[in-house]
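An overview of the molecular structure
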Number of protein chains: 2
Amino acid sequence: MSGKLYGIGVGPGDPELLTLKALRLINSAPVLAYPAPEEGESLARSIAAPYIDDGERVELPLRLPFLVDPAPAQEAYDAAAENIAKHLEAGRDVAVLCEGDPFFYGSFLHLFARLSGRFETEVVPGISSPYAAAAAAGVPLSTRDETLIVLPATLPAEILAERIGMADTAVIIKVGRHVGKLKRMLVGLSLLNQAKLIVGASTDHQQVIPMAQAPDPAPYFSLVLVTRREAPKR
Amino acid sequence: MSGKLYGIGVGPGDPELLTLKALRLINSAPVLAYPAPEEGESLARSIAAPYIDDGERVELPLRLPFLVDPAPAQEAYDAAAENIAKHLEAGRDVAVLCEGDPFFYGSFLHLFARLSGRFETEVVPGISSPYAAAAAAGVPLSTRDETLIVLPATLPAEILAERIGMADTAVIIKVGRHVGKLKRMLVGLSLLNQAKLIVGASTDHQQVIPMAQAPDPAPYFSLVLVTRREAPKR
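Many analyses report the size of an interface as the accessible area lost when the parts associate. Contacts between the two partners involve 56 residues from chain B and, on the opposite side, 56 residues from chain A. Summed over both partners, the interface of chain B with chain A buries about 4,800 Å², with 61% contributed by carbon and sulfur atoms. Looking at the side of chain B facing chain A, the largest losses of area belong to Leu20(B), Tyr131(B) and Met166(B), adding up to 15% of the total buried there. There are four salt bridges connecting chain B and chain A. Glu16(B) is the partner of Arg24(A) in a salt bridge, and the nearest nitrogen-oxygen pair spans 2.6 Å. Listing elements by their share of the side of chain B that touches chain A, those giving two or more residues are α1 (20-28), α4 (108-115), β5 (121-124), α5 (129-137), β6 (148-152) and α6 (157-164) of chain B. Ranked by residues supplied to the side of chain B that touches chain A, first place goes to β6(B) with five residues. Split by residue class, the side of chain B that touches chain A holds 31 nonpolar, 12 polar and 13 charged.

Moving on, we come to the environment of Ile47(B). Residues and elements named next belong to chain B. By the secondary structure assignment, Ile-47 is in helix α2 (residues 43-48). Ile-47 gets classed as buried once you look at its relative accessible area, which sits at 3%. Distance in space between the C-alpha atoms of Ile-47 and Cys-98 is 9.7 Å, their sequence separation being 51 residues. Excluding residues that lie within four positions of it along the chain, Ile-47 makes contacts with Val-10, Gly-11, Pro-12, Gly-13, Asp-14, Pro-15 and Leu-18.

Now for the sheet that holds strand β1 (residues 5-9) of chain B. All names here are of chain B. Read from one edge to the other, the open sheet built from five strands follows the order β3-β2-β4-β1-β5, with strand pairing classed as parallel. The two strands at the open ends of the sheet, each matched to only one other strand, are β3 (58-63) and β5. Neighbour-to-neighbour, the strand axes of this sheet turn through a mean angle of 20°, independent of strand direction. By the bridge criterion, six bridges tie strand β2 (residues 31-36) to β3 in an arrangement that is parallel.

Across all of its chains, the model carries 22 salt bridges over all chains by this definition. Where Arg114(A) meets Asp78(A), a salt bridge forms, and the shortest distance between an N and an O atom there is 2.7 Å. Of this pair, Arg114(A) sits in helix α4 (residues 108-115) while Asp78(A) sits in helix α3 (residues 70-89), and the two are 36 residues apart along the sequence. Overall, Arg114(A) belongs to the partly exposed group, its relative accessible area being 22%. A salt bridge links Glu122(B) to Lys21(B); the nearest nitrogen and oxygen atoms lie 2.7 Å apart. Here the residue Glu122(B) occupies a position in strand β5, and Lys21(B) occupies one in helix α1, the gap between them amounting to 101 residues. Relative accessible area serves as the criterion here: at 21%, Glu122(B) is assigned to the partly exposed category. Connected via shared salt-bridge partners are Lys4(A), Lys21(A), Glu120(A) and Glu122(A).

Right, let's get into the relation of the copies chain B and chain A. Of the transformation superimposing chain B on chain A, the axial component is 0.0 Å and the angular component is 180°, with the fit at an RMSD of 0.0 Å. Classification of the inter-copy transformation places it as that of a two-fold axis.

It is worth spelling out the confidence of the model for chain A at this point. Confidence along chain A averages 94 in pLDDT terms, with 96% of residues attaining 70 or more. Across the interface, the model reports ipTM at 0.96; the global pTM reads 0.96.

Thresholds applied
Residues numbered from 1 in each chain as written. Chains lettered and ligands numbered in written order. Predicted model: local features only at pLDDT ≥ 70, side-chain atom pairs only at ≥ 80, totals over all residues. Heavy atoms only, no water. Contact = heavy atoms within 4.5 Å. Buried area = accessible area lost by both parts, 1.4 Å probe. Salt bridge = Lys/Arg side-chain N within 4 Å of Asp/Glu carboxyl O. Helix = DSSP H or I, 4+ residues; strand = E, 2+ residues; numbered from the N terminus. Nonpolar A, V, L, I, M, F, W, Y, C, P; charged D, E, K, R; others polar. Buried < 20%, exposed > 50% of the residue type's maximum accessible area, 1.4 Å probe, protein only. Pairing = 2+ DSSP bridges. Axes fitted to C-alpha atoms, helices over the stretch in contact; angles between N-to-C directions. Least-squares fit on C-alpha atoms with pLDDT ≥ 70 in both. pLDDT = per-residue confidence, 0-100.

Shown next as structure tokens:
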């Protein structure tokens, strides 16, 4: 009988934001897989590390480089999926640790596309960075009949403006080198002063910066939260 | 010294989807508040119940009826906020249990608006229902440069169609009696067959139903997940 594949969200950075279910499955899976850079520590593993017990298990770092070129990226995902498949075929459950939530802009999606048709698969949701960022900034994501949109800064400025124009609150991810473009776009929508850059939400280096003062490029784990909603009267 | 107000997300229904942080704060707060109906059990409390220890604490059910009429609703929120404020003024921390995430379409927002200016406040994110629904349906919320939108079924059909037309994936909440309108709108977008109704995500009565077969009205805790993205090749 084949093993079961788990995609496990470990949340946005604070190890205490792991769920009880994530914790149980991490410590019961015979194989623990996680995305890892060529050198150095896996972020997903480091988030879960304080709670990983001393039990015996196989650890399987998945080398999934940040590749802009699609073909080598596909090859890296193929290879990672096959490494996981070998354990599943041998009857061993595999828990894949995922930063944030497994189904929200992460590399797990590429493994899911390759493996969920062949093996029993369960996704365990994790706290997603927009929620941690909203909590950090004290800005609710949505209330009443509001619309919330999440979109990447990599889209062209006019598309960003059009889509954000339709929402009450927007979360812009993949900010990186797009800070200048985003500032100009937000000025055009008269929303610059209602936008904040949140860096490392829930971590010990968390920062909330008015978007007008955001550094360019933005640090890697950052997102922009912008709302048309007025601040609550105090 | 005043107490601290915590808004604590208890997740979408499965008690195991509580975070470790929620668990710690629930069991350390001297006052535990939660929305509750006029009669019967509080859903938010029932989600956390398996993990609430036998320690001594004050329990403070907040009577926040589902009121369509704004004025009585405001009065109910005012009264709930004042009940909480009395404990905070007396130096007692108050943990407010919130279904899902405190900053995502919940009654905590109304308490936050009334109290966060007067008292130290911390929001502890919880697993939000769209993430649990996506996990249940096996449909990722977003990947690569995709746009995700969350909006309520209470909006007019033409606005829903326009906004959903701009996104790769949409989550429609507050489905209730709007099933017929949603089906017609999705037919107009040629998306009916790519939409699913997810009922009670993460609970033991979880169901994933093709939208074409969704009952009208939909059960209370249900949402629609619709994506333009093709299913992964298997």
